[in-house]
Amino acid sequence: MTVEQQPVPISLARLTWIIVRDVNRTLGGGLAAMELLRRTFIRNRSMDEFDNAGLVAVSRLTPGTNVLAYCAALGWSLRRWPGALASLLAASLPGSLIVGGLTVALVSVHEIPAVRMLLAVGVLAATFLVLSSAVSLLRPYVRSAVLVRASVIAAVAVGLMLAGVTPVRILLLSAALGAAIGAGTGANGE
Amino acid sequence: MSAIAVYLLLLKAIGTSFAGMGSLPQIQHDFVETRHAISGEELSQAVLVGRSTPGPVGAYVVAVGYMAAGWRGAVAAWLAMMTPALAAIPLLVLIRRWLHLPRVRAAVDAVVIASGVLLVESGIRMGVDAWRQVSTVF
């Protein structure tokens, strides 16, 4: 927010309700939920596009689920620690309860052949969703400015994977390699 | 498997990934291949449940926790999912100071690229598992 445009204060209860509503009504990942939150809070004048850009950058850099990091940072920006904790609970609890309930149901019926068939087809569909997540992660790097460096890092990651190196070590080694050969143009062209 | 073990293993997987599904390769390694706490089929079902429900995609870990250690495991998984998000708050302060440094930015980019590569591998494994299940039923 600029000095001329002070953010409109928001109560903890209203912040919590908006996050429950916007995060838990989207299928298809955190980007959709973050877009709904951006629209709502900009419309309410609780933040502006510049604030949102900072929150998005932080959410991409924070380990774990992007939308939870976005909500924690958003809550902290608006209501400090009570806001961060309330936002985190609001974003994670309803979905987790639904997942828990569905899993219980699934465990009790998954030996039925028809259910197994449906599950297998569903998993095939989920496979494409996992692959689409990978594509959305890699797409910003498929540009001529960073393609060579990104290809080197990807090739090293594939090599380490084939050599049986654990995922955590692959990520850490990739970070070290990126820092060593990097210092060029980032994914956002910065 | 104890709830504490579920929490620590999931925290390791989630805390070293940069997307909701980014934790999948490490979870596959720790829960399926190393400790045999759940089967590959159960992990695929957990991903399916997570992708079929509204809310964060990363919530599939709650299903992983339940399958590995019952309700205590589910609660431990929920806590493990939330814990790394708190790092966003100090990062919000630090990002303005450090992200402009090219080497820091390059290291972050490299981690995201490696996460994408690992996800492709996990996706292929899931697809192969699902195809085997379909073949078995027929």
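Residues numbered from 1 in each chain as written. Chains lettered and ligands numbered in written order. Predicted model: local features only at pLDDT ≥ 70, side-chain atom pairs only at ≥ 80, totals over all residues.

Peer 1: So what exactly am I meant to see when it comes to the overall build of chain B here?
Peer 2: A tally of helices and strands in chain B yields 6 helices and 0 strands. Along chain B, from the amino end to the carboxyl end, the secondary structure elements read α-α-α-α-α-α. Taken across its 138 residues, chain B has 63% of its residues classed as buried. For chain B, the proportion of contacts with a sequence separation of at least 24, taken over those separated by at least 6, is 55%. (Helix = DSSP H or I, 4+ residues; strand = E, 2+ residues; numbered from the N terminus. Buried ≥ 20, exposed ≤ 12 C-beta atoms within 10 Å, placed from the backbone. Contact = placed C-beta atoms within 7 Å.)

Peer 1: Sorry if this is basic, but what is going on with the environment of G55(B) here?
Peer 2: For G55(B), the position within the fold is in the loop between helix 3 (40–52) and helix 4 (60–82). G55(B) gets classed as buried once you count the C-beta atoms within 10 Å, which come to 29.

Peer 1: I keep staring at the interface of chain A and chain B and nothing clicks. Help me out?
Peer 2: Frequently, the measure chosen for interface size is the accessible area that the parts lose on association. The interface is formed by 78 residues belonging to chain A together with 72 residues belonging to chain B. Contributions of two or more residues to the side of chain A that touches chain B are made by helix 3 (49–61), helix 4 (66–109), helix 5 (113–138), helix 6 (147–162) and helix 7 (167–181) of chain A. Per element, the largest residue contribution to the side of chain A that touches chain B is 20 residues, and it comes from helix 4 of chain A. Residue composition of the side of chain A that touches chain B, by class: 50 nonpolar, 25 polar and 3 charged. (Nonpolar A, V, L, I, M, F, W, Y, C, P; charged D, E, K, R; others polar.)

Peer 1: Looking at this structure, I do not really get the nonpolar core. What am I missing?
Peer 2: Within soluble globular proteins, side chains that are nonpolar tend to cluster in buried spots. In terms of nonpolar packing, the biggest core is built from 104 residues, with A72(A), A73(A), V64(B) and A77(B) touching the most fellow members. The element best represented in this core is helix 4 of chain A, accounting for 17 residues. (Core = buried A, V, L, I, M, F, W, Y, C linked by C-beta atoms within 7 Å.)

Peer 1: Mind showing me how you'd approach the domain arrangement of chain A here?
Peer 2: If you check the domain split of chain A, you get domain 1 (12–109) and domain 2 (116–181). A C-alpha centroid distance of 25 Å is found between domain 1 of chain A and domain 2 of chain A. (Domains from an automatic or database assignment.)

Peer 1: Honestly, the environment of P94(A) in this entry has me stumped. Any pointers?
Peer 2: Residue placement: P94(A) occurs in helix 4. Not counting chain neighbours up to four residues away, the residues in contact with P94(A) comprise V20(A), N24(A) and G55(B).

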